[in-house]
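# Understanding the architecture of this molecule
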Amino acid sequence: MNLLEKSDEEIFNEITPIMDNMMEGSTEINHAKHTRDFTDRMKAIVTPENLQCMCKDYQARWGLFGKREFVALFRRKHSIAVVWKQYCSNSTDEHVAEAVFVEHDNRLLIDHAMVY
């Protein structure tokens with residue numbers, strides 16, 4: 001799998017279920033589900049306690065993650081960065097969701113992600 005040789009549509013089709021799973025794991029505050037497709041570096045950062053604290057904070061302020069709209073895909077030498085417009089259940093604000101995807105052992109993994 002060489003991600004950088006794929007079309008934007010092919011990349012989008014591969015990253016969407018990974019992003020969906022991560023966001024669902026966050027909404028459910030389910031650490032195993034949320035971190036399933038993380039690199040080891042990300043897994044070291046997002047501990048179960050860290051995830052619970054982050055999720056309780058954003059859920060109290062914004063509600064649960066809702067619709068997500070693709071904005072842009074950035075091809076980089078060793079990764080793909082993707083930006084979405086993220087909506088939440090208790091806010092009319094348009095948030096930014098972003099993630100960086102890398103290939104590791106023939107798997108697509110998330111090496112960075114944030115919603116703000």
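So, a few notes on the structure that sits alongside this text. What you are looking at is a predicted structure, and each value in this text was computed from that prediction instead of being measured.

### Thoughts on the overall build of the chain
Of regular secondary structure, the chain possesses four helices and four strands. For the chain, the α and β elements follow one another from N to C terminus as α-α-α-α-β-β-β-β. A compact globule built from 116 residues should have a C-alpha radius of gyration of about 13 Å, and the chain, at 14 Å, falls within 12% of that. With respect to the three principal axes, the spread of C-alpha positions in the chain is 40 × 30 × 20 Å. Within the chain, counting contacts between residues at least 6 apart in sequence, those at least 24 apart form 44% of the total. Looking at the chain as shown, the accessible area adds up to about 6,600 Å², and 53% of this sits on carbon and sulfur atoms. Between the centroid of the 14 positive side chains of the chain and the centroid of its 19 negative side chains there is a distance of 2 Å.

### Examining the layout of surface pockets
Put simply, the largest pocket is a space of about 430 Å³. If you trace the largest pocket, you find 22 residues lining it, with H34, M54, A113, M114 and V115 closest to the centre. Taken together, the residues of the lining of the largest pocket break down into 15 nonpolar, four polar and three charged.

### Here's the deal with the sheet that holds strand β3 (residues 91-104)
Taken together, the four strands give an open sheet; going across it, the order is β1-β2-β3-β4, and neighbouring strands pair in antiparallel fashion. Each having just a single partner strand, β1 (65-75) and β4 (107-115) make up the two edges of the open sheet. On average, adjacent strands in this sheet sit at an angle of 25° to one another, irrespective of strand direction. Bridging between strand β2 (residues 80-88) and β3 involves eight bridges; their strand directions are antiparallel. The residue of β3 that forms the bridge with V83 is E98. Helix α1 (residues 8-28) rests against β1, β2, β3 and β4 of the sheet, and its axis sits at about 140° to β1.

### With respect to the side chain of T39
Position of T39 relative to the elements: it lies in the loop between α2 (31-34) and α3 (40-45). Here T39 falls in the buried class, since its relative accessible area comes to 10%. For T39, the contacting residues outside a window of four places in its chain are V102, L109, I110 and D111.

### Looking at α1
Taking 1.5 Å of rise per residue, the 21 residues of α1 would be expected to cover 30 Å, and the 29 Å separating its terminal C-alpha atoms lies within 8% of that figure. Its axis deflected by about 30° at I15, α1 carries its strongest bend there, up to four residues before the proline P17. By the burial criterion, the buried members of α1 are I11, I15, T16, I18, M19, N21, M22, M23, G25 and S26. Looking at the packing, one finds that the buried side of α1 touches α2, α4 (48-62), β1, β2, β3 and β4. Positive backbone phi, approximately 50°, marks I29, located one or two places after α1.

Calculation rules
Residues numbered from 1 in each chain as written. Predicted model: local features only at pLDDT ≥ 70, side-chain atom pairs only at ≥ 80, totals over all residues. Heavy atoms only, no water. Helix = DSSP H or I, 4+ residues; strand = E, 2+ residues; numbered from the N terminus. Rg over C-alpha atoms; globule rule 2.2 N^0.38 Å. Contact = heavy atoms within 4.5 Å. Areas by Shrake-Rupley, 256 points an atom, 1.4 Å probe, with all protein chains shown as cover. Lys, Arg positive; Asp, Glu negative; His and termini not counted. Charge placed at Lys NZ, Arg CZ, Asp CG, Glu CD. 1 Å grid on protein atoms, 1.4 Å probe; cavity = no way out; pocket = protein on both sides within 12 Å on 5 of 7 lines; lining within 4 Å. Points joined across faces, edges and corners; volume = space filled by probe spheres on them. Nonpolar A, V, L, I, M, F, W, Y, C, P; charged D, E, K, R; others polar. Pairing = 2+ DSSP bridges. Axes fitted to C-alpha atoms, helices over the stretch in contact; angles between N-to-C directions. Buried < 20%, exposed > 50% of the residue type's maximum accessible area, 1.4 Å probe, protein only. Expected span 1.5 Å × (residues − 1). Bend = angle between axes of the 7 residues up to and from the residue.

None of this, on its own, says anything about what the molecule does.
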